[in-house]
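# Notes for the structure review
Here's the letter readout for the chains.
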6 protein chains.
Amino acid sequence: MSRKGHFNAAHRLNNPDWSEEKNIEIFGKCNNPNYHGHNYDVIVHVSGEVDPETGYVIDMKVLKEIMNEEVLDRYDHRNLNLDIEEFKTLNPTAENIVGVIWNRIKERLDNHLELTVTLYETERNYVEYSGK
Amino acid sequence: MSRKGHFNAAHRLNNPDWSEEKNIEIFGKCNNPNYHGHNYDVIVHVSGEVDPETGYVIDMKVLKEIMNEEVLDRYDHRNLNLDIEEFKTLNPTAENIVGVIWNRIKERLDNHLELTVTLYETERNYVEYSGK
Amino acid sequence: MSRKGHFNAAHRLNNPDWSEEKNIEIFGKCNNPNYHGHNYDVIVHVSGEVDPETGYVIDMKVLKEIMNEEVLDRYDHRNLNLDIEEFKTLNPTAENIVGVIWNRIKERLDNHLELTVTLYETERNYVEYSGK
Amino acid sequence: MSRKGHFNAAHRLNNPDWSEEKNIEIFGKCNNPNYHGHNYDVIVHVSGEVDPETGYVIDMKVLKEIMNEEVLDRYDHRNLNLDIEEFKTLNPTAENIVGVIWNRIKERLDNHLELTVTLYETERNYVEYSGK
Amino acid sequence: MSRKGHFNAAHRLNNPDWSEEKNIEIFGKCNNPNYHGHNYDVIVHVSGEVDPETGYVIDMKVLKEIMNEEVLDRYDHRNLNLDIEEFKTLNPTAENIVGVIWNRIKERLDNHLELTVTLYETERNYVEYSGK
Amino acid sequence: MSRKGHFNAAHRLNNPDWSEEKNIEIFGKCNNPNYHGHNYDVIVHVSGEVDPETGYVIDMKVLKEIMNEEVLDRYDHRNLNLDIEEFKTLNPTAENIVGVIWNRIKERLDNHLELTVTLYETERNYVEYSGK
C-alpha cells in the first residue's frame, strides 16, 4: 500500500568542512548561499500481510496521519537548513532527506511492516530508500 | 514489459460481520451505503527471458487482450460489490482487488513468466502484488 | 489564478422520461442501474485585477476553503444521484455537474471576479464552463 | 505554439509596508522569513499566422532560447527575493512573477505575435497572463 | 466537452523548394532524411449548448468514433510524409498537422458546435487551433 | 538516485529471417516499412552507498552527462534501424533497446553501483532491465 504527499521547501547543499571553492565545484548552483527551493513529492510504500477482517495492509487514514505529522507538517514551507533540526548538521541532499524520512516513519509502524520511501526532488530526479 | 489500463467503478467497503458503528469507525466515508467510485489505473508487469526471434518478453497485443478480457471489460462501469461475482463476499479494498486481478491474469500467462500487478485507487493511493 | 481539487463519487446517467431501452441506447454502460464511479478532478480558474497590496487576484487559502465547502466536502465519497440534492432531478453528466459547481462557487466570489470551472470525469474526458 | 520549461527557486511573500502580524495573517506560512521554495513550471503560448514557407508560427528552437535567456537561466536555483533584481521591491506572488515573465518575453517577440504565459507554483495552483 | 487521444508516427520536416543547406539550417535535426518520430497526443474540445434531454453537448461515444476514424486509425503507426496523402505536399509541422485534423473533424460535427484542437508533439511542445 | 530523460525516434520491428507475412502477423502495424515513431522516456536508477562527504550516491550532473552522451544525443531525432549501429542487426523492440542502453551506461559507472534502466515506449507500455 502506497501513499503520495508533497511539501514545498527551500534548501542549499554545502559541506562546512570544505572551502567555498570546493563547495561550488561539487554542488554547483545547488550551493547558492541564498537558497533555492523545490516542490518535493514523497511516496511512502508499506507492505505486509493483508488483515483478513479489514482487507487492509494498513489503514490509509492512519498512514496519512503519520505522513502529515512526521514529514509534511514539519517540512512544508520551511527552509530545511535553517528551520529543521536534523539538517542543521546533515547536508540536505535527496539521499539524506529520504533517509531521515524513512527513520521517522519506520518508528511509527508495526514491526512486521516493510517500508520504502521515494522522494522526488524534481519530476526528473528522485531517490528511493528501503532501510539498507 | 509493463502495460497500463484503467476502469471506472463504484464500490463501498463493509465487513458484514461487524456492527454498523464499527464499519463506520474503521472504513469512514468509504462505508457509504450508496457507494462512491474511482477511476482505477492498473499496471501489469510481466518479466522473463527475451525471445531471441521476436525480441519480446511477451507480445504487447496479447497482454492487452488478456487485460481487457480478465479485468477492463469485466470491471469498467460496474459496481464492484453488486455486479462482480468475486466481490459479493470479499471486501473490495485495493489490496483485495489487486489479488483477484493477479490471480486472473497469472492463469493466462506462460508458467515461466513472473507477474506483478499495481492498482491505483487514486493518484495518491496504490497497491502492488507479486504473488506472495 | 487557478486551483485544482478532486473528489471520488458514484453516479449513473438516466433520463426518467425515456424507456429503459432508450436510456441504454443513449447512455450505454453509463446507465448501469447499480452505478459506476469516477475520480473527478475539478479546476477552478478565477481572473481579475491583481490587488497591489497583496499581489494576489484572490487569496489561495480563501479559494481553497470555498472549493472544500461548496464542492469537495459535499461530493467526495458520495453517490451523486442518491446523496446530492441537486442531482436527484438533474442527470449528473459532466456538463450538468460543471454547471452546478460554477453556480455554487460564483455566489461566493466578489462580483468583479470572472470564473471558469473545468471538470475532468476521466483523464481523457473533461468539460469547461464560464457562465454562458 | 506552446513550450514548457521549469525552474527551482526559493521565495517568501511579504509586504514591507505592513506589520509582522499583518504579514503573517495575510500570507500565513508563505511569510516564513527563512524562505521556502518551489519547482515552478512555466508554459509560454505564442500565437499568430503560420509562415507558409516553414509551416511554423515561431521556430521552437528560437522560443526555447528566449525562454532560457529571459527566465530559466535567470531564475533557476535562485532566491527570488534576494537574487533577482525585479523582486527586490515587488512581492513574488505567482501573479507578479507571471507579469514580469510576460513582459520580458514579449519584448523579444515579433510584434504580430500574441503571448500568454502560464505559471504553475505547484501542480494544484497556477496563474495565466495574456497582457491585460 | 473535450476528449484526448494519441497516435505514434514518424515524420521529417523539409521544404522541397529550399536547398539541403537551408533545410538543415532551419529545421535542424528535424530534417533527418531517415525520419524520427513522436507519440502525438491530440485533444479535441467541442463546445456548444447542453442538450436538455441528454445533459450532453455531444455524446462522448460519437466524438470518440469521429476521432478514431478521422485521426487515430489513419495516423497511428504511420510515416506522415510517406503514408498520409495530405502530408505528401504539406510539411508536417505541428501547426500544419493540427490544421488538417481540425478540418477533418469540423466536417463531421453539427454546424452549431465550436471546435478547438490541441496537438502535443512532445510533453513540452504543443499547438492549438480553433479555425482562425 | 534516479534521473529521467527522453528522445524522439523512428523505428520499425522486423525479423529478416522471416517472410513478410510472418513479420506482419507477429509485429502488426509495428512492421510498417516506412517506419513509425515514439517519444521514448528513459529512467536511469543508480543505487549504492551514500558518500558521507557529499551526501550523494552519484553526482546528478555526472549522471546527466553520461545519459546525454550514451543515449539522448545518440538516439534523439534518429531512425533507430537506419542511423544507429547497434540496431542495424538487432530488432529495436523496447526489450532490446533497454538492454543496449543498460550496457552503455553500466560501463561508465563505478563498479560498486547497481543500475536499473526503465524505458517507456508509450505512456502505457514500458520495460525495465537490471542486468539479468
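The coordinates are above.
Residues numbered from 1 in each chain as written. Chains lettered and ligands numbered in written order. Predicted model: local features only at pLDDT ≥ 70, side-chain atom pairs only at ≥ 80, totals over all residues. Heavy atoms only, no water.

## Examining the packing of helix α2 (residues 60-75) of chain F against helix α4 (residues 94-106) of chain F
All names here are of chain F. Applied cut-off: Orientation is described by axes fitted as lines to C-alpha atoms, over the contacting stretch for helices, and by angles from 0 to 180 degrees between their N-to-C directions. A helix here means a DSSP run of H or I that spans at least four residues, while a strand means a run of E at least two residues long, and both kinds are numbered starting from the N terminus. In a left-handed crossing the near helix is turned counterclockwise from the far helix by less than a right angle, and in a right-handed crossing that turn is clockwise. The contact rule is simple, with two residues in contact once any of their heavy atoms fall within 4.5 Å. In this count, Pro and Cys sit with the nonpolar residues alongside Ala, Val, Leu, Ile, Met, Phe, Trp and Tyr, while Asp, Glu, Lys and Arg are called charged and the others, Gly among them, polar.
Their axes nearest at 9 Å, the elements α2 and α4 cross at an angle of 145°. For the crossing formed where α2 meets α4, the hand is right-handed. Between α2, through Ile 66, Met 67, Glu 70, Val 71, Arg 74 and Tyr 75, and α4, the contact on the second element is made entirely by Ile 97, Val 100, Ile 101, Arg 104 and Ile 105. Tallied by class, the residues present in the contact of α2 with α4 amount to eight nonpolar, no polar and three charged.

## What to know about the interface of chain B and chain C
Stated formally: A simple way to read buried area is as the amount of 1.4 Å-probe accessible surface that goes missing from two parts once joined, with both sides added. By salt bridge we mean one thing: a side-chain nitrogen of Lys or Arg within 4 Å of a carboxyl oxygen of Asp or Glu.
If you look at the interface, chain B gives 20 residues, while chain C gives 20 residues. The junction of chain B with chain C conceals about 1700 Å² of combined surface from both sides, 47% of it contributed by carbon and sulfur atoms. The largest share of the area that chain B buries against chain C comes from Asn34(B), Asn39(B) and His77(B), three residues that together contribute 33% of it. Run the count over chain B and chain C and you get two salt bridges.

## Remarks on helix α4 (residues 94-106) of chain E
All names here are of chain E. Note the cut-off: Expected helix span is computed as 1.5 Å times (number of residues minus one). For every residue, the accessible area (1.4 Å probe, protein chains only) is compared with the maximum for its type, and the residue is labelled buried under 20%, exposed over 50%, or partly exposed between those bounds.
Taking 1.5 Å of rise per residue, 13 residues should cover 18 Å, and α4 covers 18 Å from first to last C-alpha, within 8% of that figure. Counting buried positions along α4 gives 10 out of 13 residues, so the element sits mostly inside the fold. Inspection of α4 places Ala 94, Glu 95, Asn 96, Ile 97, Val 98, Gly 99, Val 100, Ile 101, Trp 102 and Ile 105 among the buried residues, and these make up the whole buried set. Contacts made by the buried residues of α4 are with β2 (36-47), α2 (60-75), α3 (80-83), β4 (114-120) and β5 (125-129).

## Here we look at the interface of chain C and chain D
For clarity, the threshold we go by: Whenever two N or O atoms come within 3.5 Å, that pair is a polar contact, provided that in protein one can donate a hydrogen and the other can accept it, and provided that, for residues adjacent in sequence, both atoms are side-chain atoms. When DSSP finds two or more bridges between a pair of strands, those strands are recorded as paired.
Each partner contributes residues to the interface: chain C has 18 residues there, and chain D has 16 residues. It is Met1(C), Glu53(C) and Tyr56(C) in chain C that bury the most area against chain D; as a group they hold 33% of the surface buried on that side. At the surface where chain C touches chain D, the tally comes to zero salt bridges. Where chain C packs against chain D, one counts seven residue pairs in polar contact (both at pLDDT 80 or more). For the side of chain C that touches chain D, the secondary structure elements donating two or more residues are β1 (2-11), β2 (36-47) and α2 (60-75) of chain C. Counted by class, the side of chain C that touches chain D contains seven nonpolar, six polar and five charged residues. For β1(C) and strand β5 (residues 125-129) of chain D, the ladder comprises two bridges, and the chain directions are antiparallel. Its bridge partner lying in β5(D), Arg3(C) is registered against Asn125(D).

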